[in-house]
Amino acid sequence: DAGVIQSPRHEVTEMGQEVTLRCKPISGHNSLFWYRQTMMRGLELLIYFNNNVPIDDSGMPEDRFSAKMPNASFSTLKIQPSEPRDSAVYFCASSFRGHNSPLHFGNGTRLTVT
Amino acid sequence: AQSVTQPDIHITVSEGASLELRCNYSYGATPYLFWYVQSPGQGLQLLLKYFSGDTLVQGIKGFEAEFKRSQSSFNLRKPSVHWSDAAEYFCAVGASLETGANNLFFGTGTRLTVIP
């Protein structure tokens, strides 16, 4: 079991550029979550998917943020255009649906927007 | 609404000393409770979880936690801390979503420093 895999581990970009973060959930898991972690706000849920379908994106801060899950083994979080206040660590997590199973987290992507 | 409070932002203990990290939750139904640990540059790793049954739950790395419904608490304990336990600890309450998926609401975390 390779766990949840996120890429890249670090991303440094200039304001206005498009950023794409990637996530491969644990095989067999059918729920996927994107979280953002900052010193000021802690861990915030951005969006989650069930069986590849976005269920709740109310945590997505702005229209500049979008997420997709084209299949059960891949998801992306895109920021376009990026801004310095988007700098944070973005975590992807996956779990089994309806089994009260805990979330399994990836190691995160540290995003710095200059 | 669900919420989690970790009143201690930073705790320092000596290696070999006992540890207790506090967590209080707010949730309208029977909560699912979790403790996660985050080492620098890493994701969150599950230490232990409580769903039902015995209110004292054992986890990995020698940690345990006790669910106290009357106090709405789920404090994490370890009898003897090791230097490798230095990390950030997060308490979380789980909410079963309408779709059956589970979301977690996290506390703000407690940073543990271990001194030799």
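Here, the structure is the one placed above.
So, how was this worked out
Numbers given to residues run from 1 along each chain, matching the order in which its sequence is written. To label them, take the chains in the order written and letter them from A, then take the ligands in the order written and number them from 1. Reporting in this predicted model follows two pLDDT cut-offs: at least 70 for local features of residues, and 80 or more for side-chain atom pairs to be given and counted; totals over whole chains, interfaces and linings ignore these cut-offs and use all residues. The side-chain quantities take in all heavy atoms of the structure and omit both hydrogens and water. Counting from the N terminus, the helices are DSSP H or I runs at least four residues long and the strands are E runs at least two residues long. Pairing of aromatic side chains requires ring centres within 6.5 Å, counting the rings of Phe and Tyr and the six-membered ring of Trp. Pairs whose planes differ by under 30 degrees are stacked, by over 60 edge-to-face, and all others tilted. Whether a residue is buried, partly exposed or exposed follows from its accessible area with a 1.4 Å probe, protein chains only, as a fraction of its type maximum: under 20%, in between, or over 50%, in that order. The distinction between a cavity and a pocket rests on a 1 Å grid over the protein atoms alone: a 1.4 Å probe fits inside a cavity but cannot get out, while a pocket stays open yet meets protein on both sides within 12 Å along at least five of seven lines, and a residue with an atom within 4 Å of a point counts as lining. Grid points are joined across faces, edges and corners, and a volume is the space filled by probe spheres set on the points. Just so you know the grouping, Ala, Val, Leu, Ile, Met, Phe, Trp, Tyr, Cys and Pro go in nonpolar, Asp, Glu, Lys and Arg go in charged, and all remaining residues, Gly too, go in polar. Pairing between strands is defined by DSSP: at least two bridges between the two strands are required. Interaxial angle, 0 to 180 degrees, is taken between N-to-C directions of lines fitted to C-alpha atoms, where a helix line uses only the stretch in contact.

Q: Would you explain unusual backbone geometry in this entry?
A: Of all residues except glycine, most have a negative phi; of all peptide bonds, most are trans. Residues and elements named next belong to chain A. Here the bond from S7 into P8 is cis, since omega is -10 degrees, no more than 30 degrees from zero. Inspection of the secondary structure assignment puts P8 in the loop between β1 (5-7) and β2 (10-13). Cis rather than trans, the peptide bond between Q80 and P81 has omega equal to -5 degrees. Structurally, P81 can be placed in the loop between β8 (74-79) and β9 (88-95). Although it is not a glycine, N52 adopts a positive phi angle of roughly 75 degrees.

Q: It is not clear to me how the packing of aromatic side chains should be interpreted in this structure. Could you clarify?
A: Ring pairs (aromatic) are described by centroid distance and by the angle formed between their planes. Residues and elements named next belong to chain B. For the structure on display, the rule yields 16 aromatic pairs over all chains. Where F63 meets Y89, the ring centres are 5.6 Å apart and the plane angle is 45 degrees; that geometry is what we call tilted. Separated by 26 residues along the polypeptide, F63 in the loop between β7 (56-58) and β8 (64-68) and Y89 in strand β10 (residues 87-96) bring together distant segments of the chain. Judged on exposure class, the residue F63 and its partner Y89 are both buried. Relative to F106, the ring of F90 lies with its centre 6.4 Å away and its plane at 90 degrees, an arrangement referred to as edge-to-face.

Q: Sorry, what's going on with the layout of surface pockets here?
A: With a probe scaled to a water molecule rolled over the atoms, the places where space remains empty come into view. Of the voids in this model, the largest pocket is the one considered here, and its volume is about 680 Å³. Along its surface, the largest pocket is lined by 31 residues, and Q37 and M39 of chain A together with Q38, E88 and R111 of chain B are the ones closest to its centre. Contributing elements (two or more residues each) for the lining of the largest pocket: β4 (31-38), β9 and β11 (109-113) of chain A together with β10 of chain B. A per-element tally of the lining of the largest pocket places β11 of chain A first, with 4 residues. Residues belonging to the lining of the largest pocket are distributed by class as follows: 10 nonpolar, 16 polar and 5 charged.

Q: What is the right way to read the pairing of strand β9 (residues 73-78) of chain B from this model?
A: Each regular strand displays side chains that alternate between the two surfaces of the sheet. Residue and element names in this part refer to chain B. With 5 of its 6 residues buried, β9 lies for the most part within the structure. In this sheet, β9 lies alongside strand β3 (residues 19-21) in antiparallel orientation, the contact comprising 3 bridges. Residue pairing for β9: E20 is matched across the bridge by R77. By the bridge criterion, 5 bridges tie β8 to β9 in an arrangement that is antiparallel. When the sheet's bridge partners are listed, E64 is paired in β9 with R77.

Q: Where do I start with the sheet that holds strand β7 (residues 65-71) of chain A in this structure?
A: Backbone hydrogen bonds are what pair the strands of a sheet, in a parallel or an antiparallel way. All names here are of chain A. Read from one edge to the other, the open sheet built from 4 strands follows the order β1-β3-β8-β7, with strand pairing classed as antiparallel. If you trace the sheet from one side to the other, it starts and ends with β1 and β7, each paired once. Each adjacent strand pair in this sheet contributes to an overall mean axis angle of 15 degrees, direction not counted. Pairing between strand β3 (residues 19-24) and β8: 5 bridges, direction antiparallel. From the neighbouring strand, L21 faces β8, where its bridge partner is L77.

Q: What am I meant to see in the pairing of β11 of chain A here?
A: Residue and element names in this part refer to chain A. Residue alternation in β11 divides its side chains into a buried set, T109, L111 and V113, and an unburied set, R110 and T112. Of the pairings in the sheet, the one linking β2 to β11 comprises 4 bridges and is parallel in character. For E11, the partnering residue across the bridge sits in β11 and is L111. Looking at chain direction, β9 and β11 are connected through 3 bridges and run antiparallel. Bridge pairing in β11 links A88 to L111.

Geometric values such as these leave the question of function open.
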